[in-house]
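# Descriptive analysis of the structure
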Amino acid sequence: MEHAIKINNLHKKFGNIKAVNGINFTVQKGEIFGFLGPNGAGKTTTARMITGVLKPDLGEIDLAGYNLQENFVEARLEIGVVPEAANAYQELTALENIKFMAKMYGLSGENINEKAKELLKRLGLEKRIKDKVKEYSKGMTQRVILGMALINDPEILFLDEPTRGLDVQSTRIMHEIIQDLNDKDSTIFLTTHNIQEANQLCHRIAIINKGRIAAIDTPENLKDTFKELQTVELCLEDGDYPLPEEFKYISQAARAGNKMRYYTGNPDRAVKELINKIENRKIVGLNILEPNLEDVFVELTGGKLKNEN
Amino acid sequence: MKISKINLFVQQLTAVSWKNIKIYYSESPVLIFGVLFPFCLFFAFALGRDLSYLELLPGLLGITFFFAGSAVGPFITPWETRTGTLERLLALPMPRWIMVIGDILAGFFFSLFLAVIIILFAYIFLGVKVISIALLVLTSLIASLLFAGLGSAFAALPTDKPSNVMMLANSIRLPVIFISGIFVPLAELPFWGRILSYISPVTYAVEMLRAAYAGNNYLSPLAAGAILTGFMILVVGGAILFHRRTLTRRI
């Protein structure tokens, strides 16, 4: 399979802090690749180096068959970028914003106007293309920002937290657009710390922690790797739960509302142990849960994900 | 590649300038420091003095080039840093010098536009005639580019607050105006005043304008033109270098 992005031994230091410390990975053509990590893990720095915004201290970046350092312009003509906290020009209309980007990508001729209008229609903004962006809602602005990254029909699209701060409806629209783009063979590099988003959209996920890749795989395989993170979720009427130290097959426990989650590599045995322990007390609920991506993430990064959305 | 690199860069330069013109010309700091300020300053000094239009006009044009040219640049990069549009520009298939030159061109056209209005007004309504149109055009082009470059160089200060850059710009622009022989011709300045005035590029612009309008210049237009061009290359080159050092520190 042909690769769209190839990263080799990428390093970046800010003063004495190693923000990115020897990252290697490959993204295949047509893939939605999730780049997941806690705050300060190095994901935005990595994305900035791959898109040419920051210069790496060391390492090679290959985009759409071009070496970024050697063919700076050619490589970047093949990509579209929605940076973290990106914005459109508020004083320009949606159409002007898109046409500005078209010119920056070297598109010319009369078809720019038609192409920009067509794109805005695809993004559901056709009725307000001549309104200034400052009159748009956040969700609409985010669609203009995405449109600005799509006008050159990029082979690879970089999205850094594209749904940050959006309401549920706008997030859903954005996800549909991303899915639709991928259906048309676009490669998408999605930087996020929204685990649900990564789980829902991505074919493969890289988890970065402290400037290094902690794991890369499909969401399913990542979850399978961490079978010991299966959970027995117990709800007792009296709310008085036994501690994990009292069991052989339970490694740890965490309170979740009025329930207790017991982590185990052997849920059948763990349930038996629990039932024996609680004896005649009233059970309101008992479920066995497969490990989710959040569990994997926490296991790999050693801390709870801070959801900033 | 669908488009040659040269064509791409020209197109990008045009697009960046157009964007800047469309967005920043109507911003109040640009209008205050680029239009209102030079006129107020000029009239504060010129009113009540017994000077002909021919003597006054080079000074007014000099101040206009200086303030209008350097009014747009300080606003653009800090504002784009703050609003989040800068990072996207940095991710485009565009060398960074194009971005800086695009910002400079916005200041250049702003300065030229105001100067043309003043020149036409003086010609039509006050009957002020030019003795060397070529020299006037040349001075206008070099001075506008130089001072637009200066405005852009100020903006290399890595901040997202335009007011910080404006403060830096004014702390340099105001003293420069008073040492530039605008209100008192160089010939009438004491020796130390003349030496001081040679530090300022505005001096050479005003001297060239005096040569273009009344021929009452103190310095030879050729020498003034050469020094002004030298300043222009230095400042524009400096602006590009400063921005290259600070652009990525903004994100």
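Residues numbered from 1 in each chain as written. Chains lettered and ligands numbered in written order. Predicted model: local features only at pLDDT ≥ 70, side-chain atom pairs only at ≥ 80, totals over all residues. Heavy atoms only, no water.

With that out of the way, let us pick up the overall build of chain A. Counting its regular elements, chain A contains 10 helices and 14 strands. The principal-axis extent of the C-alpha atoms belonging to chain A is close to 80 × 45 × 40 Å. Across the 309 residues in chain A, those meeting the buried criterion constitute 54%. For chain A, the exposed surface amounts to about 14,400 Å²; the carbon and sulfur share of it is 44%. Each charge class in chain A was averaged separately, 41 positive and 45 negative side chains, and the resulting centres sit 3 Å apart. (Helix = DSSP H or I, 4+ residues; strand = E, 2+ residues; numbered from the N terminus. Buried < 20%, exposed > 50% of the residue type's maximum accessible area, 1.4 Å probe, protein only. Areas by Shrake-Rupley, 256 points an atom, 1.4 Å probe, with all protein chains shown as cover. Lys, Arg positive; Asp, Glu negative; His and termini not counted. Charge placed at Lys NZ, Arg CZ, Asp CG, Glu CD.)

On to the interface of chain A and chain B, then. Taken together, the 34 residues of chain A in the interface contact 28 residues of chain B. On the chain A side of the interface with chain B, the three residues burying the most area are Val53, Tyr89 and Met104 of chain A, jointly 24% of the side's total. For the interface between chain A and chain B, the tally reads three salt bridges. For the salt bridge of Glu87 of chain B with Arg48 of chain A, the shortest nitrogen-to-oxygen distance reads 2.8 Å. Scanning the region where chain A abuts chain B turns up 14 residue pairs in polar contact (both at pLDDT 80 or more). (Contact = heavy atoms within 4.5 Å. Buried area = accessible area lost by both parts, 1.4 Å probe. Salt bridge = Lys/Arg side-chain N within 4 Å of Asp/Glu carboxyl O. Polar contact = N/O pair within 3.5 Å; in protein donor to acceptor, adjacent residues only side chain to side chain.)

The subject of this paragraph is the sheet that holds strand E1 (residues 3–14) of chain A. All names here are of chain A. An order of E2-E1-E4-E5 is seen for the four strands of this open sheet, with the pairing classed as antiparallel. One side of each edge strand has no neighbouring strand; the edge strands of this open sheet are strand E2 (17–28) and strand E5 (66–67). Here E1 pairs with strand E4 (residues 58–63) via five bridges, running antiparallel. Within E4, the position partnered with Lys6 by the bridge is Asp62. Across the sheet, helix H1 (residues 43–50) touches E1, E2 and E4, and the angle it forms with E1 is around 120°. (Pairing = 2+ DSSP bridges. Axes fitted to C-alpha atoms, helices over the stretch in contact; angles between N-to-C directions.)

This part covers the domain arrangement of chain A. We note that the domain assignment places domain 1 (3–218) and domain 2 (227–290) within chain A. Each of domain 1 of chain A and domain 2 of chain A has a C-alpha centre, and the two are 42 Å apart. (Domains from an automatic or database assignment.)

The next thing to look at is H1 of chain A. Residues and elements named next belong to chain A. Judged by how many residues are buried, H1 sits mostly within the fold: eight of eight residues are covered. Turning to H1, its buried residues are Lys43, Thr44, Thr45, Thr46, Ala47, Arg48, Met49 and Ile50. At the exit of H1 stands Gly52, carrying a positive phi of roughly 85°.

Should the charged atoms of two oppositely charged side chains come close, the side chains can pair. Residues and elements named next belong to chain A. Enumeration over the complete set of coordinates arrives at 20 salt bridges over all chains. Note that Glu2 is salt-bridged to Lys29, the shortest N-O span being 3.4 Å. With Glu2 in the segment before E1 and Lys29 in the loop between E2 and strand E3 (32–36), the pair connects residues that are 27 residues apart, well separated along the chain. Residue classification places Glu2 among the exposed residues on the basis of a relative accessible area of 54%. We classify Lys29 as partly exposed; its relative accessible area is 33%.

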